Amino acid sequence: MINKSIRLAALGLISICATTSYAQFTRPVRHNLYPYADAVVYDNNGRDLAGFIKSNKRETGRNAEKISEFSNNKWGYIQISNARVPSINIRPTAEGKKVDLSYSEYIDATLALFNTKEGVQATWWARQANKPDGAFFSKKVDKTGLDAQLVRYEELVSEMNTKDFTIVDYNDSVYNDKDYDKLLKNYIIVDNSAVKDVNDYKQLIEFFNNFLSKFTYVEDPLLENKSFITCVTVNKTKYLGYFNVIQNKLAGHLQVADLQYQRDIDSVVTNVFKKLKGKTVYVYGDDIFGMEKTLLKYAHLHPALTLIRRNTSTTDKFNSKEK
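This one's a predicted model, so the numbers in the text were calculated from it and none came from an experiment. (Residues numbered from 1 in each chain as written. Predicted model: local features only at pLDDT ≥ 70, side-chain atom pairs only at ≥ 80, totals over all residues. Heavy atoms only, no water.)

1. Structural notes on the environment of Ile265
Reasoning step 1: Note on placement: Ile265 falls in helix H8 (residues 262-275).
Reasoning step 2: The buried category is assigned to Ile265, whose relative accessible area is 9%.
Reasoning step 3: Linking Ile265 and Met291, residues 26 residues apart in sequence, is a C-alpha distance of 7.1 Å. (Helix = DSSP H or I, 4+ residues; strand = E, 2+ residues; numbered from the N terminus. Buried < 20%, exposed > 50% of the residue type's maximum accessible area, 1.4 Å probe, protein only.)

Listed below in structure tokens is the structure:
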């Protein structure tokens, strides 16, 4: 049992590679609730939705079509980026009202592109007062000229709710995990630079479909205290992933495992377990990239964790109670 635990722990290294995510998104503004919507869409020196569409529309359409093909239309794909824009304060004046822009109290807006039968569509949203748990906010901007149809973010939600998994492909390090916990079903957040060849997604999707088959169902109270680490190699590239079960869905991250030195492994193991919420951690995959010794040490220092090794050929379900 100890040897099993040790091997499982090693897979945890996957999470370490993940970006800081919403830790960089926690600078709430003190006075203003809303972003300047025009700056989100058009007026932010290219760091806006118009610029994002121009730079990424073609890639979004290509990747989405490939991922749909590889998954028999059961996986979705969205590309996201961040626009840091001024917040607004609307104050009454003798003439009616005046809108003041605050550049010191900025708000992070999420820009998103996704594919539908009508082609690539664009949307955006923000959180009130820039709080990670703030209410969602979006606003129509009465301008034309975008090279993609601009829709409400609810359209993205409706499209992705038809998928078993959604790949969230991010272009910078500022994003809010909690958005996708609310908006999507099962999802994997992936750095845009991680999967350099879109064809690698064929084997990645096969691997994660097999992973998903090990659940009787995800909406199970028995899974609330469980987390998962995954290891898979595709065309000599080692990918590390980790998942928590949040609001009855699998919320995951995937990164390339660049573990050249022992200090890299030590750092990854420490950081990945900071991001795992469950006290029982399954390590899933057939190769743990030579991390056994580090995992053994970590398991010894953290006896409250239960680490369980699972190969891809297992017939056991993650929903089962561990003896």
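So much for the structure itself; the text now carries on.
2. What about the packing of H8 against helix H9 (residues 292-301)?
Reasoning step 1: One can describe the packing of H8 onto H9 by two numbers: an axis separation of 10 Å at closest approach and a directional angle of 40°. Here H8 is positioned oblique relative to H9, judged by the angle of their axes. When the axes of H8 and H9 are compared, the crossing they make is right-handed. Each of Gln262, Ile265, Asp266, Val269, Thr270 and Phe273 in H8 lies in contact with H9, whose residues at this interface are Thr294, Leu295 and Tyr298.
Reasoning step 2: The residue makeup of the contact of H8 with H9, split by class, is five nonpolar, three polar and one charged. (Axes fitted to C-alpha atoms, helices over the stretch in contact; angles between N-to-C directions. Parallel < 35°, antiparallel > 145°, perpendicular 65-115°, else oblique. Left-handed = near helix turned anticlockwise from the far one by under 90°. Contact = heavy atoms within 4.5 Å. Nonpolar A, V, L, I, M, F, W, Y, C, P; charged D, E, K, R; others polar.)

3. Focus on unusual backbone geometry
Reasoning step 1: For Asn72, which is not a glycine, the phi torsion comes out positive at approximately 60°.
Reasoning step 2: Here Asn72 lies in the loop between helix H4 (49-70) and strand S2 (75-93).
Reasoning step 3: For Asn130, which is not glycine, the phi dihedral falls at a positive 60°.
Reasoning step 4: Along the chain, the position of Asn130 falls in the loop between strand S4 (119-127) and strand S5 (136-137).
Reasoning step 5: For Asn130, a relative accessible area of 0% corresponds to the buried category.

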